[in-house]
Amino acid sequence: MPKMVKNVLILSCCLLASIIPVAVSMADDDHGEHEGRYEHIYHYDDDDDHERGERSSLAPVNNGAVKQACGGCHIAYQPGLLPADSWEKLFSSLPSHFGEEIVLDQTSKKMILEYLHKNAADHSPAKHSRKIMRSLHGQTPVRITETPYFQEKHHGLPSGVFKLPAIGSKSNCVACHLTAEQGDYDDDAVKIPR
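One structure accompanies this document, and this report is about it. (Residues numbered from 1 in each chain as written. Predicted model: local features only at pLDDT ≥ 70, side-chain atom pairs only at ≥ 80, totals over all residues. Heavy atoms only, no water.)

Counting its regular elements, the protein chain contains 7 helices and 2 strands. Relative to its 194 residues, the protein chain shows a buried fraction of 36%. Within the protein chain, residue pairs in contact and separated by at least 24 positions form 62% of the contacts whose partners lie at least 6 positions apart. Total accessible area computed for the protein chain in this model is approximately 12200 Å², and 57% of it derives from carbon and sulfur atoms. (Helix = DSSP H or I, 4+ residues; strand = E, 2+ residues; numbered from the N terminus. Buried < 20%, exposed > 50% of the residue type's maximum accessible area, 1.4 Å probe, protein only. Contact = heavy atoms within 4.5 Å. Areas by Shrake-Rupley, 256 points an atom, 1.4 Å probe, with all protein chains shown as cover.)

What follows is the structure, encoded as structure tokens:
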């Protein structure tokens, strides 16, 4: 092989070797707008908690006032799904609650808010709560579905799945998460209705 052709071949290989990592990196970004952005949230898989002795599940809601006030229209969401500041922000907008009028006396409001604060994601030992907190970067969303953790965990679902009659919206956790009311949102307890 002539020396010039050999040098061109070597140069081409070196050039290719320097381009491939960039191309692969760019291709990874194409898989989803959040791909890689949340890698620090998921430092290990959701299914290996028991091996590590961690509590995966959130504490189920055991407060009667919360169950009555919140559970009448939707699942009484576990406080560990949002930080305390988000619960405070949510309560500051009452009596308007996502288009519904919620009327609570001051005693009930105070008792519910204390319970939510005490058990919020920033005070919860549950793995899901810690991952939610790591995903927020100082944000205080008032919808669980607005948390980056929720969005990343659900980004692979077909766009129309939440519009199915059996689901209706992203906030209807119990439609797919069969053990949501017990605070268990692990993937092995998910069944998407048809």
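Residue placement: Thr-145 occurs in the loop between helix H6 (127-136) and helix H7 (148-154). On the basis of relative accessibility, which here comes to 17%, the residue Thr-145 falls in the buried class. Leave out the neighbours within four places in its chain, and Thr-145 touches Phe-150, Gln-151, Lys-170 and Ser-171.

To continue, consider unusual backbone geometry. Note: most residues except glycine have negative phi, and most peptide bonds are trans. For His-137, which is not glycine, the phi dihedral falls at a positive 50°. Structurally, the position occupied by His-137 is in the loop between H6 and H7. Judged by relative accessible area, which is 59%, His-137 ranks as exposed.

Next up on the list: the packing of helix H3 (residues 64-71) against helix H5 (residues 106-118). Taken N-terminus to C-terminus, the directions of H3 and H5 make an angle of 105°; their axes are 9 Å apart at the nearest point. It follows that H3 is roughly perpendicular to H5 by the angle criterion. Contacts between H3 and H5 pair Ala-65, Val-66 and Ala-69 from the former with Met-111, Ile-112 and Tyr-115 from the latter. Here the contact of H3 with H5 is built from residues that sort into 6 nonpolar, no polar and no charged. (Axes fitted to C-alpha atoms, helices over the stretch in contact; angles between N-to-C directions. Parallel < 35°, antiparallel > 145°, perpendicular 65-115°, else oblique. Nonpolar A, V, L, I, M, F, W, Y, C, P; charged D, E, K, R; others polar.)

Counting across every chain of the model gives 3 salt bridges. Put simply, Glu-114 and Lys-110 hold a salt bridge, and the shortest N to O gap is 3.8 Å. Residue Glu-114 and its partner Lys-110 are located together in helix H5, separated by 4 residues, close to a single helical turn. Residue classification places Lys-110 among the exposed residues on the basis of a relative accessible area of 54%. Of the charged contacts in the structure, one is a salt bridge between Lys-153 and Asp-187, with a shortest N-O distance of 3.7 Å. A residue pair is termed long-range when its members are at least 10 positions apart, and Lys-153 in helix H7 and Asp-187 in the segment after H7 qualify at 34 residues. (Salt bridge = Lys/Arg side-chain N within 4 Å of Asp/Glu carboxyl O.)

A separate point is the packing of helix H4 (residues 84-92) against H5. Relative placement of two packed helices is described by the angle separating their axes and the distance separating the axes. It is the contact of H4 with H5, at a shortest axis distance of 9 Å, that shows an interaxial angle of 160°. Our classification of the angle between H4 and H5 gives roughly antiparallel. Crossing of H4 over H5 shows right-handed handedness. Contact with H4, carried on its side by Ala-84, Trp-87, Glu-88 and Phe-91, involves Lys-109, Ile-112, Leu-113, Leu-116 and His-117 of H5 and no other residues of that element. In terms of residue class, the contact of H4 with H5 is built from 6 nonpolar, 1 polar and 2 charged. (Left-handed = near helix turned anticlockwise from the far one by under 90°.)

Let us look at the state of the cysteines. Taken as a whole and judged by the stated rule, the model has 0 disulfides. Free cysteine: Cys-173, not disulfide-bonded; nearest cysteine sulfur from Cys-176 at 8.9 Å. Residue Cys-173 is classed as buried on the basis of its relative accessible area, which comes to 11%. (Disulfide = S-S within 2.5 Å.)

Every buried residue belonging to H4 is among Ala-84, Ser-86, Trp-87, Leu-90 and Phe-91, and all of these are buried. Along the long axis of H4, the arc covered by the buried residues comes to 160°, so they all point the same way. Within H4, the exposed residues directed more than 90 degrees away from the buried face are Asp-85 and Ser-92. Tucked into the core, H4 has its buried residues touching strand S1 (96-97) and H5. (Arc of directions from axis to C-beta.)

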